[in-house]
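So the chains spell out like this:
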Amino acid sequence: MRDAQATQQQILDAAEQEFARNGLKGARMSAIATGAQVTSATLHYYFENKENLYKAVLQRPVNEVQAILVQQNFDALAPEAALKQMIRIAIANEAANPQRQMLWFQEASQNQGAYFKECHVLALHKHLLKVLERGMAEGTFRPLKPFLALTHILSVCLFYFTVHENWKHLTPEVDRLTSEMIEEHTEAAITFILAGIRR
């Protein structure tokens, strides 16, 4: 069982890289098999076809973040502290998986979100929406449209990774993916977001 799980993770890791580079339409199963160091037969044994594998790759980040969020007791924290914690989780997760922003971009560009809508992403956003609504009710946050505020907050956190491959050419002497730069981004994002939503 352990070997089967390890093999599936190897396949998903390789597939995530291939789909992030080429999207569903351009990805090749042979390249994924090579990257995962498995045979094409093994690939088809676990996932049957490219579409099923693509769905599994899209769902995995959602499941991973949800597993982190459900372990937190955000209700025990003041809204501002809960929001800070969520920002830290979001940025740390992207820093560990910087290719995932390209994965979502490819899905939006090639498929207009046809597979994204099956990933139950709203279950993740409910945590942040609840904190924003509680913050407004308690008078900590100014009146906001929660889903629009969520969009702005995620943009501040994640766009940093979306543009990395382009912006690294503007300042080639700066590696924005070092732990020091990620921490600087995190603290700046927290300050920026709280300045925008505090009452």
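Up top is the structure.
This structure is a prediction, so every number in the text was calculated from the model and none was measured. (Residues numbered from 1 in each chain as written. Predicted model: local features only at pLDDT ≥ 70, side-chain atom pairs only at ≥ 80, totals over all residues. Heavy atoms only, no water.)

> Describe the layout of surface pockets, naming the residues involved and giving the relevant values.
If you add up the space inside the largest pocket, you get close to 960 Å³. For the largest pocket, the lining is made up of 36 residues, of which Q101, V121, H125, L154 and L158 are closest to its centre. Broken down by secondary-structure element, the contributors of at least two residues to the lining of the largest pocket are α4 (50-69), α5 (79-96), α6 (100-111), α7 (122-138) and α8 (146-162). Residue classes in the lining of the largest pocket are distributed as 24 nonpolar, eight polar and four charged. (1 Å grid on protein atoms, 1.4 Å probe; cavity = no way out; pocket = protein on both sides within 12 Å on 5 of 7 lines; lining within 4 Å. Points joined across faces, edges and corners; volume = space filled by probe spheres on them. Helix = DSSP H or I, 4+ residues; strand = E, 2+ residues; numbered from the N terminus. Nonpolar A, V, L, I, M, F, W, Y, C, P; charged D, E, K, R; others polar.)

> How would you sum up the pattern of salt bridges? Please name residues and give values.
Taken as a whole, this structure holds 12 salt bridges when the rule is applied. Salt-bridge contacts for R100 lead to E16; the nearest nitrogen and oxygen are separated by 2.9 Å. Pair noted here: R100 is in helix α6 and E16 is in helix α1 (residues 2-26), with a separation of 84 residues, a long-range link. Note on accessibility: R100 and E16 belong to one class, buried. For the salt bridge of R88 with E183, the shortest nitrogen-to-oxygen distance reads 3.7 Å. Placement of R88 in helix α5 and of E183 in helix α10 (residues 179-197) is noted, with a sequence separation of 95 residues between them. (Salt bridge = Lys/Arg side-chain N within 4 Å of Asp/Glu carboxyl O. Buried < 20%, exposed > 50% of the residue type's maximum accessible area, 1.4 Å probe, protein only.)

> Requested: an account of a nonpolar patch on the surface, with residues and values cited.
Together, F159, W167 and L170 give the surface a local cluster of nonpolar side chains, amounting to about 350 Å² of exposed area. Secondary-structure assignment places F159 in helix α8. On the basis of relative accessible area, F159 is assigned to the partly exposed category, the value being 45%. (Patch = residues over 30% accessible without salt bridge, like charges linked within 9 Å, V, L, I, M, F, W, Y side chains within 5 Å. Areas by Shrake-Rupley, 256 points an atom, 1.4 Å probe, with all protein chains shown as cover.)

> How would you summarise the side chain of Q59 if you had to cite specific residues and measurements?
With respect to the secondary-structure elements, Q59 resides in helix α4. Filtering out sequence-adjacent residues up to four positions away, Q59 remains in contact with E118, C119 and H120. (Contact = heavy atoms within 4.5 Å.)

> Now, about the nonpolar core: what can you tell me, with residues and values included?
F19, I32, L53 and L83 are the most contacted members of the largest nonpolar core, which totals 55 residues. Not counting chain neighbours up to four residues away, the residues in contact with L83 comprise L128, V131, F141, I153, I193, L194 and I197. (Core = buried A, V, L, I, M, F, W, Y, C linked by side-chain atoms within 4.5 Å.)

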